[in-house]
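Residue-level structure breakdown
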Amino acid sequence: MGHLLEVKDLEVKFALRMGDLTAINGVSFTLDRGERLGLVGESGAGKSVTGFAIINLISKPGYISGGTVIFDGRDLTGLTGEGMRHIRGNLISMIFQDPMMTLNPVLTIGTQMVETLQAHMNISRKAAEKIALEKLRMVQIPSPEKRLQQYPHEFSGGMRQRIVVAIALLADPALIIADEPTTALDVTIQAEIMELLLELCESEGTGLILITHDLAVVSQVTQKIAVMYAGKVVEAGLTEDIIDNPLHPYTQGLIKALPDGRNPGTRLNQIPGVMPSLIDIPPGCSFHPRCTIRGDICRYESPVLREIPGYRNMAACHMLGLKKEPTEKDRAE
Amino acid sequence: MKDRLIDIKNLVKHFDISGGLLEQLAVSKGRIIRKQTVVRAVNDVSLFVNPGETLSVVGESGCGKSTLARTLLGLYQPDGGEIYYRGDRIDGLTQKEMLPYRAKMQMIFQDPYASLNPRMTVQQTLEEPVVFHNPSISGSEVKDRVAGVMQQVGVDPAWTDRYPHEFSGGQRQRISIARALMVDPEFVVADEPVSALDVSVQAQILNLLMDAQEQRGLTYLFITHDLSVVRHISSRVAVMYLGRVCELAPTTNLFESPGHPYTRALLSAIPDLYDRRHKYIKLKGEVPTPIDLPSGCVFHGRCPYADGRCSREIPALNHQGKAVYVACHAVEEGRI
Ligand SMILES: Nc1ncnc2c1ncn2[C@@H]1O[C@H](COP(=O)(O)OP(=O)(O)OP(=O)(O)O)[C@@H](O)[C@H]1O
Ligand SMILES: Nc1ncnc2c1ncn2[C@@H]1O[C@H](COP(=O)(O)OP(=O)(O)OP(=O)(O)O)[C@@H](O)[C@H]1O
Ligand code: SF4
Ligand SMILES: [Mg+2]
Ligand SMILES: [Mg+2]
């Protein structure tokens, strides 16, 4: 059996008046059944666009301009209408930062859950309610029978997000894509939701793509990480390898920039500059203007994600895995 | 206590959100009654800030951090309590009486876009507070001061004629820090100054704030919900829960041996990059609202150590030695 999901050279463009903006530019990764992957990177790196592109939910002026998304052996990029709705309702669920993207404010939780189930399955209201109750129990909502009768505004932010997790679980999907599911929540509630997601994915064998800018959150939940920068995956590998042994200068900079409680009061390691705007991506490696180990080639040739000899991580950087790391001076000579 | 820069005593700030009189009227058991809804945002908060230190205020969304800061700076009128600046009482002062303190106390906000005037260039933005607080200053002196601060905080001179919308979030935060520093303040309140920024840019701004503190001997009140940032930059920490301070302690004490049950739970919930799948303290129940404050200890409904006394009696912020203060009956009784 192949991978559950294989994203290959995925490319999404937005047709804007000033020209095409390439939001993601050749994103590739794989996910096996029951595996959890973290997609991390700074604001605008293309994490959400990648998530939406997987379920073919890029709306105009955006479009998938290249690449494939093979899910369970089928390419989803060509799927439309009924076929795609079946995938989204039964096989892949999405959870967003704002629970109200999923919840309808004027319907009770019970009605929403029953309607969601009936849209994709031929079952009675009674049977649907039974499943809804079971899922609310799984996400530890107290007195679920009573809660089914209530409207979204009667729940706290953390409870709403748990209900969204319950809805995502309704059809026993093979894959959940969670886009910043706890970014708007307090840390104590974040810890609960993350543990819940993790335990459910483990017990149900569900695959997870966790999208977030918070490396520390990802480190608690996933087995693999893909780091994105300016529309590309710049490093990918096992969670422990990425965090304990980052290779790409951007990943290294990102981890070193985090205050980790070890050296209070000292200057933090800052990455100079900012991520380029996608309208204005520099030629060559898009990280080169901020990079401390760049060489001449970085200015004109875009590096591809590749295996680095001697390491388990894949990285997109010209300067890695050279026999001897040459300096600017070496190359000038 | 003259040696304290700021001393806050029993500060109270409530918001009446009942609306107009008509909206307040309701019928109950056949009679018309007037219903008032009050948000008890800050309740009986006592705190002090030493000169040159960074005191961080942490706590979950809605616990009253911003309200505390705004009341301290005179942006809201307190409903009770006292505020002292270098021993001078400053609550209840008129606008005019407050003016000299206004220049000494500056504020930086989370969203620099909302706090910068979109129609002013960077140069105008930076000149305005200088001229306001020093009406007799000459034009060339203003220019010199602007240039000096710009250089210190890394505002590129090429930016001077541009407008806020032309800058990234990190650049805008740099400009608003420069603006706060223009009038040579002693005390800066920073309300979530890096929460909207990406990690790599957050480090740039935190470094800038630490440098400015060192060069100018600034005192900070730093509000944030990011506990790793708190640990990195603060000398002391005040933990708030539902409008009250539940613990006030030097940073090392707080992180190494938190006293209050809420602090323990909060710290245990921080995801740690190097401690994968670590165990955290699970709290029961939901956070109550500041409209319906619980009786006794505001934390008792979620606290694993609560007993009868906790639901009846409000715990005072007691000295626990070594500059540590905790508001908890269980700690006071030595139960935990
Ligand atoms: N509808 C749209 N029209 C034009 N550009 C878009 C649209 N949606 C996304 N983009 C662009 O695509 C790029 C990637 O956006 P995306 O939302 O994937 O970022 P992200 O990594 O999820 O960031 P964040 O952490 O802020 O959520 C951004 O530059 C964004 O401006
Ligand atoms: N101007 C106001 N009018 C009415 N209620 C207010 C006002 N400002 C704040 N509140 C309420 O007071 C309480 C404390 O709010 P505050 O903004 O001080 O919290 P905070 O700790 O800064 O939260 P956050 O971390 O979300 O910024 C909240 O319940 C809030 O809704
Ligand atoms: S006073 Fe009681 S309820 Fe409050 S934190 Fe202490 S033990 Fe818990
Ligand atoms: Mg996003
Ligand atoms: Mg606030």
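If you're wondering where the values come from, they're calculated on a predicted model, not measured in any experiment. (Residues numbered from 1 in each chain as written. Chains lettered and ligands numbered in written order. Predicted model: local features only at pLDDT ≥ 70, side-chain atom pairs only at ≥ 80, totals over all residues. Heavy atoms only, no water.)

So, about the overall build of chain B. Broken down by element type, chain B carries 13 helices and 14 strands. What you see for chain B is a C-alpha radius of gyration of 22 Å, in line with the 20 Å of a compact globule of 336 residues. Dimensions of chain B along its principal axes, counting C-alpha atoms only, are 65 × 60 × 40 Å. Counting every position in chain B, which comprises 336 residues, the buried fraction comes to 51%. Counting only contacts in chain B whose residues sit at least 6 apart along the sequence, the fraction spanning at least 24 positions is 66%. (Helix = DSSP H or I, 4+ residues; strand = E, 2+ residues; numbered from the N terminus. Rg over C-alpha atoms; globule rule 2.2 N^0.38 Å. Buried < 20%, exposed > 50% of the residue type's maximum accessible area, 1.4 Å probe, protein only. Contact = heavy atoms within 4.5 Å.)

The next point concerns the overall build of chain A. Broken down by element type, chain A carries 11 helices and 12 strands. Since a compact globule built from 333 residues should have a radius of gyration of about 20 Å, the 21 Å found for chain A is in line with a globular shape. With the principal axes as the frame, chain A shows a C-alpha extent of 80 × 50 × 40 Å. Buried positions account for 52% of the 333 residues belonging to chain A.

The subject of this paragraph is the site of ligand 2. All names here are of chain B. Around ligand 2, the structure places 14 residues, and the nearest of them are Ser61, Gly62, Lys65, Ser66 and Thr67. Between ligand 2 and the protein, one listed contact pairs an oxygen atom with a backbone N or O atom of Cys63 at 3.3 Å. Side-chain polar atom of Lys65 to an oxygen atom of ligand 2: 2.8 Å apart, as the coordinates give it. Against a free-state accessible area of 630 Å², the protein chains account for coverage of 65% of ligand 2. Elements represented by at least two residues in the shell around ligand 2 include exactly β4 (38-49) and α2 (65-72). (Near = heavy atom within 4 Å. Polar contact = N/O pair within 3.5 Å; in protein donor to acceptor, adjacent residues only side chain to side chain. Areas by Shrake-Rupley, 256 points an atom, 1.4 Å probe, with all protein chains shown as cover.)

On a regular strand, each side chain points to the face opposite its neighbour's, so the side chains alternate between the two faces of the sheet. All names here are of chain B. Most of strand β12 (residues 244-250) is tucked away, with seven of its seven residues classed as buried. Direction of pairing for strand β11 (residues 236-241) relative to β12: antiparallel, over a ladder of six bridges. Looking across to β12, one finds that Met240 is bridged to Val245. In this structure, the hairpin formed by β11 and β12 is closed by a connection of two residues, where Leu242 is found at a positive phi of approximately 45°. (Pairing = 2+ DSSP bridges.)

Glancing now at helix α8 (residues 199-216) of chain B. Residues and elements named next belong to chain B. The end-to-end C-alpha separation of α8 is 26 Å, in line with the 26 Å expected for 18 residues at 1.5 Å each. Judged by how many residues are buried, α8 sits mostly within the fold: 14 of 18 residues are covered. Looking one or two residues past α8, Gly217 carries a phi angle of roughly 60°, positive in sign. (Expected span 1.5 Å × (residues − 1).)

Residue and element names in this part refer to chain A. Around ligand 1, the neighbouring residues are Phe14, Ala23, Glu42, Ser43, Gly44, Ala45, Gly46, Lys47, Ser48, Val49, Glu180 and Leu278. A distance of 2.8 Å separates an oxygen atom of ligand 1 from a polar atom in the backbone of Gly44. Residue Ser48 places a side-chain N or O atom 2.8 Å away from an oxygen atom belonging to ligand 1. Its free accessible area being 630 Å², ligand 1 has 63% of it covered by the protein chains. Considering every element that reaches the shell around ligand 1, the biggest residue donor is helix α1 (residues 47-54), with three residues. Each residue belonging to the shell around ligand 1 can be placed in one class, and the counts come to five nonpolar, four polar and three charged. (Nonpolar A, V, L, I, M, F, W, Y, C, P; charged D, E, K, R; others polar.)

The next subject is the interface of chain A and chain B. Each side of the interface is counted separately: chain A has 43 residues, and chain B has 35 residues. Here chain A meets chain B over a buried area of about 3,500 Å², counting both sides, of which 53% is carbon and sulfur. Three residues, A:Thr188, A:Gln220 and A:Pro259, lead the burial of chain A against chain B; their summed loss comes to 17% of the area buried on that side. In this assembly, chain A and chain B are joined by four salt bridges. Here B:Asp211 and A:Arg267 are joined by a salt bridge, their closest N and O atoms 2.4 Å apart. Taken together, chain A and chain B are joined by 19 residue pairs in polar contact (both at pLDDT 80 or more). (Buried area = accessible area lost by both parts, 1.4 Å probe. Salt bridge = Lys/Arg side-chain N within 4 Å of Asp/Glu carboxyl O.)

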